[in-house]
Amino acid sequence: MKQIDALKLAIEPFQNQLYNHPINQYIQSKSQLERFMQYHVFAVWDFMSLVKKLQKDLTSIDLPWKPVGTPEARFLINEIVLGEESDVDQFGNITSHFELYLKAMSELGVPPLKELNQLLQCVNVDEVLMFLDASTIDNGIKDFLYFTFHSIKNRSTVEIASIFTFGREDLIPGMFQQIVDNLRKESPEKIDTLVYYLDRHIEVDGGHHSHLAYQMMESLCGTDEQKWVLVKEAAIESLKIRIALWDSIVH
């Protein structure tokens, strides 16, 4: 995995910006947690669109069925989709990670911004982009979503895979830790789903799925240097837009 190692080295400065971002000390109160979750839920949602775009590109979802791409790539993306779209909650009920996050918000009394429900009514990527053009939603959210859906519409599969793989949310659990500890003392019954979501995030997204994603990148790019150049550029862009989203929350 020499290419992956080289890529990790190239994006390390941008990852360090996220490691040292003020957002990591931002969540000190329930009102700040509410603000963060109202922004972050959009990233949880658009992450699912990246996953499904890759499934669409790497597997056959048309009729009649025919084999598409390599069996290895199909296996990797289908396993990731299964975990993201059809995981279990703390009671063993089938749910997606997005729905689990919404449940955590509900338990904490955090209402989603109205734009989230409006976006969920869009029927295709063009409608999402048109909605964003006309929306007065915070520019941090708008720019973040526009980057994702413009990429989904216009960029290659390897670039989408890079955005998915390297624009991940590995830092999220630690950001919640202090406020979770405080809420556990004040109202433990309200944070069960949030704590479970974070635990699953660490276990599934931060571990198993990240390894699968690296394998998927290797399968898609092989030794094609031009593809790896595209992958690096997309990875850096995805990290920059994540930094900008965090900036907008703190400011």
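Refer to the structure printed above.
No experiment lies behind these values; they were computed from the predicted model shown.

(A) Just the overall build of the chain, in detail. Counting secondary structure elements, the chain contains 11 helices and two strands. If you list the helices and strands of the chain from N to C, you get α-α-α-β-β-α-α-α-α-α-α-α-α. The globule rule puts the C-alpha radius of gyration for 251 residues at 18 Å, and the 18 Å found for the chain is close to it. Surface summary for the chain: the accessible area is close to 12000 Å², and the carbon and sulfur share equals 53%.

(B) Focus on the packing of helix α6 (residues 125–134) against helix α7 (residues 139–154). Their axes nearest at 10 Å, the elements α6 and α7 cross at an angle of 150 degrees. It follows from the interaxial angle that α6 and α7 lie roughly antiparallel. Remark: the crossing between α6 and α7 carries left-handed chirality. Facing V125, D126, V128, L129, L132 and D133 of α6, the residues of α7 in contact are K142, L145, Y146, F149, H150, I152 and K153. A breakdown of the residues in the contact of α6 with α7 according to their chemical character gives eight nonpolar, one polar and four charged.

(C) Spatial organisation of the environment of L113. In this structure, L113 sits in the loop between α4 (97–107) and α5 (114–120). When its relative accessible area of 23% is taken as the criterion, L113 is described as partly exposed. Residues L113 and Q38, 75 residues apart in the sequence, show an inter-C-alpha distance of 6.3 Å. Discounting chain neighbours no more than four positions away, the residues touching L113 are Q38, F42 and I141.

(D) Geometry of the packing of helix α2 (residues 30–58) against α4. The interhelical angle for the contact between α2 and α4, taken along N-to-C directions, is 165 degrees, at an axis separation of 9 Å. Between α2 and α4, the crossing angle belongs to the class labelled roughly antiparallel. When the axes of α2 and α4 are compared, the crossing they make is left-handed. Across from F36, M37, Q38, H40, V41, V44, W45 and M48 in α2, the residues of α4 making contact are H97, F98, Y101, L102, A104 and M105. Classifying every residue of the contact of α2 with α4 gives 11 nonpolar, three polar and no charged.

(E) Geometry of the packing of aromatic side chains. Taken as a whole and assessed by the stated rule, the structure comprises five aromatic pairs. Both rings, one in W45 and one in F149, keep their centres 5.3 Å apart while their planes meet at 35 degrees; by these two values the pair is tilted. Note that W45 is positioned in helix α2 and F149 in helix α7, a separation of 104 residues in sequence. The class for W45 is buried, based on a relative accessible area of 10%.

(F) Structural view of the environment of I241. Topologically, I241 is positioned in helix α11 (residues 225–250). C-alpha of I241 to C-alpha of V128: the two residues are 113 residues apart in sequence and 18 Å apart in space. If near-sequence neighbours (up to four positions away) are discounted, I241 is found in contact with D143, F144 and F147.

(G) Representation of α7 within the structure. Its 16 residues place the ends of α7 21 Å apart at the C-alpha level, agreeing with the 22 Å of an ideal helix rising 1.5 Å per residue. Looking only at α7, the buried set comprises G140, I141, K142, F144, L145, F147, T148, F149, S151 and I152. In this structure, the buried residues of α7 make contact with α2, α5, α6, α8 (157–166) and α11. Sitting at the head of α7, D138 places a side-chain oxygen 2.7 Å from the backbone nitrogen of G140.

(H) Representation of α11 in the model. In this model, α11 (26 residues) spans 38 Å end to end at C-alpha, consistent with the 38 Å of a helix rising 1.5 Å per residue. Measuring from the backbone nitrogen of Q226 back to the side-chain oxygen at the start of α11 gives 3.0 Å, which picks out D224 as the cap.

(I) Layout of unusual backbone geometry. Here L63 and P64 are connected by a cis peptide whose omega angle stands at -5 degrees. Residue position: P64 is located in the loop between α2 and α3 (71–85).

Cut-offs applied
Along every chain, residues carry numbers that run from 1 in the direction the sequence is written. Thresholds applied to this predicted model are a pLDDT of at least 70 for local features of residues and 80 or more for the giving and counting of side-chain atom pairs; totals over whole chains, interfaces and linings are not thresholded and use all residues. By convention in this description, side-chain values take in all heavy atoms of the structure and omit both hydrogens and water. Counting from the N terminus, the helices are the DSSP runs of H or I reaching at least four residues and the strands are the DSSP runs of E reaching at least two. The size measure is the radius of gyration over C-alpha atoms, and the globule rule it meets is 2.2 Å times the number of residues to the 0.38 power. To measure how exposed things are, a 1.4 Å probe is used in the Shrake-Rupley method; for residues, cover is taken only from the protein chains shown. Convention adopted: a line fitted to C-alpha atoms gives each axis, helices being fitted over their contacting stretch, and angles between N-to-C directions are expressed from 0 to 180 degrees. Angles below 35 degrees are treated as roughly parallel, those above 145 as roughly antiparallel, those between 65 and 115 as roughly perpendicular, and all remaining angles as oblique. Throughout, a crossing is termed right-handed when the near helix is turned clockwise from the far one, and left-handed when it is turned anticlockwise from it by less than a right angle. The contact criterion used is simple: two residues touch if any of their non-hydrogen atoms lie within 4.5 Å. All amino acids are sorted into three groups, where Ala, Val, Leu, Ile, Met, Phe, Trp, Tyr, Cys and Pro are nonpolar, Asp, Glu, Lys and Arg are charged, and the leftover types, Gly among them, are polar. Three labels apply to residues, based on accessible area from a 1.4 Å probe with only protein chains included: buried if under 20% of the type maximum, exposed if over 50%, partly exposed otherwise in between. Aromatic pairing here means that ring centres of Phe, Tyr or Trp (its six-membered ring) are within 6.5 Å. Orientation follows from the plane angle: under 30 degrees is stacked, over 60 is edge-to-face, and everything else is tilted. Every helix has an expected span of 1.5 Å times one less than the residues it contains. Polar contacts, as used here, are pairs of N or O atoms within 3.5 Å; protein pairs need one atom able to donate a hydrogen and one able to accept it. Residues neighboring in sequence count only if both atoms are side-chain atoms.

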